Amino acid sequence: MRAHMFGVVLVGLVLMGGNCSRARVESMNEMNAGVELAQMKRFSEAAESLEKAGAIDPTNHQAYFNLAIVQVELRSFSAAREALERAIVAKPDMAGYHEKLGTVLMELEDWKGAQAALTKALELDSSLFKAHFKLGRCSEELEDSQSALYQYTDAIKTGPRFLPSYSALGRLYADLRYPDQAAQVLSEGLKVAMPGTEEEANIHHLLGTVYQQQRKYDEAIAEFQAALGIVPGMGDALFSLGWTYALQGNDEEAKRYLDKYVMMAGTDAPEHYVKAARDRLAELRTESP
């Protein structure tokens, strides 16, 4: 766990203010002990210390926030939600607390609750681009595609270097059968992608799928090749490239890449993709003279 994820408050610095109660000092001491335990990945012990810090001083919102982070590490999302709700009672104007609550509620698949928490976070700080992105995801889960389009767009406007927003918006446009808009968004994403990263490869792949839908097979193949140039074993790109070659009528290249996909497909590969690849390979071999 990285240290910066936890709000460490040194008691010495707090005492310099001159207005600290004994309870606050004890609470800060207990909280700092909990943070140190968390940094050592002793999360269960950390949770105990942070719980104690909150019990000693219920106004210590940082103790509850750090407790929530620890509970997330422990995959105890209901406990994380409760800790964040306490932090918000103690400090309701902290946008980050509302955003974190929204994130935890997404893990609990409480999409409406997450939507409300993220909306509140953005009311307090409209520059939180990841909150816009997460709101887009909530809107999709709630089958409100129009709101999702708006939120992903706002995520790009407020965080223009956050690549997942481009991927999500481009994919959604493609799903809604707006391929020109999808291609435009994904092309813009490539301009800000860090070269040679998996994120850049994913955007190349998504753009290739859009071109494939438009039957622009040469452009699609170029994008899939670009993705594989960055991540040579990228399963989605291998499958898509082989499939596009088959659509184009280039049977030899189709067999080459679909074979490679089937060979490299692990247990996490979608079964329907593996089956589709094998079925297509069988057809291509039957069709071969």
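Residues numbered from 1 in each chain as written. Predicted model: local features only at pLDDT ≥ 70, side-chain atom pairs only at ≥ 80, totals over all residues. Heavy atoms only, no water.

Caption draft 1: Representation of the overall build of the protein chain. Broken down by element type, the protein chain carries 16 helices and 0 strands. Taking 289 residues into account, the globule formula puts the C-alpha radius of gyration at 19 Å, and the protein chain, at 24 Å, lies well above it. Principal-axis analysis of the C-alpha atoms places the extent of the protein chain at approximately 85 × 35 × 30 Å. By residue count, 45% of the 289 residues in the protein chain fall in the buried class. Taken as a whole, the protein chain presents about 15100 Å² of accessible surface, with 50% of it coming from carbon and sulfur. Between the averaged position of the 30 positive side-chain charges in the protein chain and that of its 41 negative side-chain charges there is a distance of 2 Å. (Helix = DSSP H or I, 4+ residues; strand = E, 2+ residues; numbered from the N terminus. Rg over C-alpha atoms; globule rule 2.2 N^0.38 Å. Buried < 20%, exposed > 50% of the residue type's maximum accessible area, 1.4 Å probe, protein only. Areas by Shrake-Rupley, 256 points an atom, 1.4 Å probe, with all protein chains shown as cover. Lys, Arg positive; Asp, Glu negative; His and termini not counted. Charge placed at Lys NZ, Arg CZ, Asp CG, Glu CD.)

Caption draft 2: Seen up close, the pattern of salt bridges. In the structure shown here, the tally under the stated rule is 16 salt bridges. Of the charged contacts in the structure, one is a salt bridge between Arg 81 and Glu 85, with a shortest N-O distance of 4.0 Å. Of this pair, Arg 81 and Glu 85 are both found in helix H5 (residues 77-90), 4 residues apart, which corresponds to roughly one turn of the helix. The partner of Glu 253 in a salt bridge is Arg 256, with the nearest N and O atoms 3.1 Å apart. Remark: Arg 256 and Glu 253 occur in helix H15 (residues 251-264); sequence separation between them is 3 residues, near one turn of the helix. Each member of the salt-bridge network shares a partner with another, and the members are Glu 140, Arg 171 and Asp 175. (Salt bridge = Lys/Arg side-chain N within 4 Å of Asp/Glu carboxyl O.)

Caption draft 3: The environment of Ser 147, seen in detail. Among the structural elements, Ser 147 can be located in helix H9 (residues 145-158). For Ser 147, a relative accessible area of 25% puts it in the partly exposed group. Here the alpha-carbon distance between Ser 147 and Leu 186, two residues 39 residues apart in the chain, equals 19 Å.

Caption draft 4: Looking closely at the confidence of the model for the protein chain. This prediction gives the protein chain a mean pLDDT of 91; 92% of its residues lie at or above 70. Confidence drops under a pLDDT of 50 for residues 6-19, and excluding neighbours within four residues, the segment shows 26 contacts in the predicted structure. (pLDDT = per-residue confidence, 0-100. Contact = heavy atoms within 4.5 Å.)

Caption draft 5: Spotlight on the layout of surface pockets. Of the volumes computed, that of the largest pocket is approximately 350 Å³. Elements that contribute at least two residues to the lining of the largest pocket include exactly helix H4 (61-73), helix H6 (95-107) and helix H8 (129-141). Its residues assigned to classes, the lining of the largest pocket comprises 6 nonpolar, 2 polar and 6 charged. Of the voids in this model, the second largest pocket is the one considered here, and its volume is about 180 Å³. (1 Å grid on protein atoms, 1.4 Å probe; cavity = no way out; pocket = protein on both sides within 12 Å on 5 of 7 lines; lining within 4 Å. Points joined across faces, edges and corners; volume = space filled by probe spheres on them. Nonpolar A, V, L, I, M, F, W, Y, C, P; charged D, E, K, R; others polar.)

Caption draft 6: Up close: the nonpolar core. Counting 48 residues, the largest nonpolar core has Tyr 152, Tyr 166, Leu 169, Leu 228, Leu 241 and Tyr 261 as the members making the most contacts within it. Those elements giving two or more residues to this core turn out to be H9, helix H10 (163-175), helix H11 (179-192), helix H12 (198-213), helix H13 (217-230), helix H14 (235-248), H15 and helix H16 (271-287). Of the residues forming this core, the biggest block, 7 residues, is contributed by H10. What Tyr 261 contacts, discounting residues up to four positions off in sequence, is Gly 235, Leu 238, Phe 239, Ala 269, Pro 270, Tyr 273, Val 274 and Ala 277. (Core = buried A, V, L, I, M, F, W, Y, C linked by side-chain atoms within 4.5 Å.)

Caption draft 7: Main features of H12. For H12, spanning 16 residues, the distance from its first C-alpha to its last is 23 Å, which sits close to the expected 22 Å at 1.5 Å a residue. Of all the positions in H12, only Glu 200, Ala 201, Ile 203, His 204, His 205, Leu 207, Gly 208, Val 210, Tyr 211 and Gln 212 are classed as buried. In this fold, the buried residues of H12 make contact with H10, H11, H13 and H14. Positioned one or two residues after H12, Arg 215 has a phi angle of 60°, which is positive. (Expected span 1.5 Å × (residues − 1).)

Caption draft 8: Layout of the packing of helix H3 (residues 43-56) against H4. Look at H3 against H4: their axes get within 9 Å of each other, and the N-to-C directions meet at 155°. One finds that H3 runs roughly antiparallel with respect to H4. For the element pair H3 and H4, the recorded crossing hand is left-handed. Contact residues: Phe 43, Ala 46, Ala 47, Leu 50, Glu 51, Ala 53, Gly 54 and Ala 55 in H3; Ala 63, Tyr 64, Asn 66, Leu 67, Val 70, Gln 71 and Glu 73 in H4. (Axes fitted to C-alpha atoms, helices over the stretch in contact; angles between N-to-C directions. Parallel < 35°, antiparallel > 145°, perpendicular 65-115°, else oblique. Left-handed = near helix turned anticlockwise from the far one by under 90°.)

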